Amino acid sequence: MFAQDNHRDTQETLAVLERLDLDTEKPTEEELARKFGYEDDYLKGTVSWWQHTKPQIWSLFDEPYSSNAAKIIGVISVFFICVSILSFCLKTHPDMRVPVIRNITVKTANGSTAWVLDKTQTNAHVAFFYIECVCNAWFTFEILIRFISSPNKCEFVTSSVNIIDYIATLSFYVDLVLQRFASHLENADILEFFSIIRIMRLFKLTRHSSGLKILIQTFRASAKELTLLVFFLVLGIVIFASLVYYAERIQANPHNDFNSIPLGLWWALVTMTTVGYGDMAPKTYIGMFVGALCALAGVLTIALPVPVIVSNFAMYYSHTQARAKLPKKRRRVLPVEQLRQPRSAGQGGGIGMPGSGPMARRMNQVKTKDLGPKI
């Protein structure tokens, strides 16, 4: 029974790894034909030019390990992703921004006029704009090529990583339009907040790293444990926030930081997650006792589900390493039901059937020898 459970768990794990598409070997032409839906034309030998070129383009841009050219395209894609993220971060540095100066006419005390230079705002250096133009030109080209050569358009459009790529690339063009037509608005700077979605391009690296795929799958498989962790944290935060609020009001406390329970929620969250900013702290002895209990409860609450998440990651990672060492044709493990095929009563000897096999023939010979003298 235990062996069957282990086998079933292994089958489920291998099925998950099969969906993650972690193979780094180049697929055969027959596998490509089956994937792109022209298997009949491939068997008949009537493959058109586009049917032959489309899988090659798809492998070039979507499967970085399929060929040396695909590895080069993958390196270029990772380079533009890193440059885009680096440019997005550096353009917020004060030394990388250019002040916007304007002349203001003011009246002096004697009634004359004078000019005053006023710094109204700062803009990113123009070099970052050209860097983003080049990076987004590559991202746009990559999206169009992958969409045209994709084997399944609906699956391609609904993919979560591709959706992030659409929105991040579209935000650049929307930002250009807003800078052109809405820069005169007072709250135009707030619109730059939506450009933060470009940082989500880091998730595109999952196509180039099997470790990130395994990590994301680990969080998916550990969804129940994570939900349980959040539930216990919320429960503890509410309880200890209420306790510390009333504990700080029992004794005389002129420097009370807990003026309401919502403020105590922030303190309980920071304490239970062992961050401890120190911006809020209990001053009374009863409040300190509640804070100690809150810290201990947070350590225990976080430590309980973590081994389950770590074991899930270790399981997926070990199966991935073992699967990578097997030949590609032997990576798929058949279920038990396919290995033990039922046989009808009228069929001859088979493996594992009574009255068949070498042992059964040897027993029949012994019976024949025993019956010989009596006949």
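Residues numbered from 1 in each chain as written. Predicted model: local features only at pLDDT ≥ 70, side-chain atom pairs only at ≥ 80, totals over all residues. Heavy atoms only, no water.

1. Observations regarding the overall build of the protein
Of regular secondary structure, the protein possesses 15 helices and 2 strands. Across the 375 residues that make up the protein, the buried fraction comes to 29%. Taking contacts inside the protein between residues at least 6 apart in sequence as the whole, the part at least 24 apart equals 64%. On the protein, roughly 25300 Å² of surface is accessible, and the fraction owed to carbon and sulfur atoms is 65%. (Helix = DSSP H or I, 4+ residues; strand = E, 2+ residues; numbered from the N terminus. Buried < 20%, exposed > 50% of the residue type's maximum accessible area, 1.4 Å probe, protein only. Contact = heavy atoms within 4.5 Å. Areas by Shrake-Rupley, 256 points an atom, 1.4 Å probe, with all protein chains shown as cover.)

2. Overview of the packing of helix H6 (residues 126-149) against helix H8 (residues 160-181)
Interhelical geometry of H6 versus H8 gives an angle of 140° and a closest axis separation of 10 Å. Taken together, the axes of H6 and H8 are oblique relative to one another. Judged by the sense of rotation from one axis to the other, the crossing of H6 with H8 is left-handed. For the pair formed by H6 and H8, the contact residues are Phe129, Glu132, Cys133, Asn136, Phe139, Thr140, Ile143 and Arg146 on the first element and Asn162, Asp165, Tyr166, Ala168, Thr169, Phe172, Tyr173 and Leu176 on the second. Its residues assigned to classes, the contact of H6 with H8 comprises 9 nonpolar, 4 polar and 3 charged. (Axes fitted to C-alpha atoms, helices over the stretch in contact; angles between N-to-C directions. Parallel < 35°, antiparallel > 145°, perpendicular 65-115°, else oblique. Left-handed = near helix turned anticlockwise from the far one by under 90°. Nonpolar A, V, L, I, M, F, W, Y, C, P; charged D, E, K, R; others polar.)

3. Quick look at the side chain of Thr271
Looking at the element boundaries, Thr271 is found in helix H11 (residues 261-272). On the basis of relative accessible area, Thr271 is assigned to the buried category, the value being 17%. Those residues in contact with Thr271 that sit more than four places away from it in its chain are Gly291, Cys294 and Ala295.

4. Things to note about the confidence of the model for the protein
In the predicted model, the protein carries a mean pLDDT of 76, and the fraction of residues at 70 or more is 73%. Mean pLDDT across the elements of the protein bottoms out in helix H14 (residues 336-339) (43) and peaks in H11 (93). In this model, residues 365-375 is a region of pLDDT below 50 whose contacts with residues beyond four sequence positions or in other chains number 0 contacts. (pLDDT = per-residue confidence, 0-100.)

5. A look at the packing of aromatic side chains
Throughout the structure, instances matching the rule amount to 14 aromatic pairs. Consider the rings of Trp138 and Phe141, whose centres lie 6.0 Å apart with planes at 45°: the pair is tilted. Taken together, the positions of Trp138 and Phe141, both in helix H6 and 3 residues apart, correspond to about one turn of that helix. Of the residues examined, Phe141 reaches a relative accessible area of 41% and is grouped as partly exposed. (Phe/Tyr/Trp six-rings, centres within 6.5 Å; stacked < 30°, edge-to-face > 60°.)

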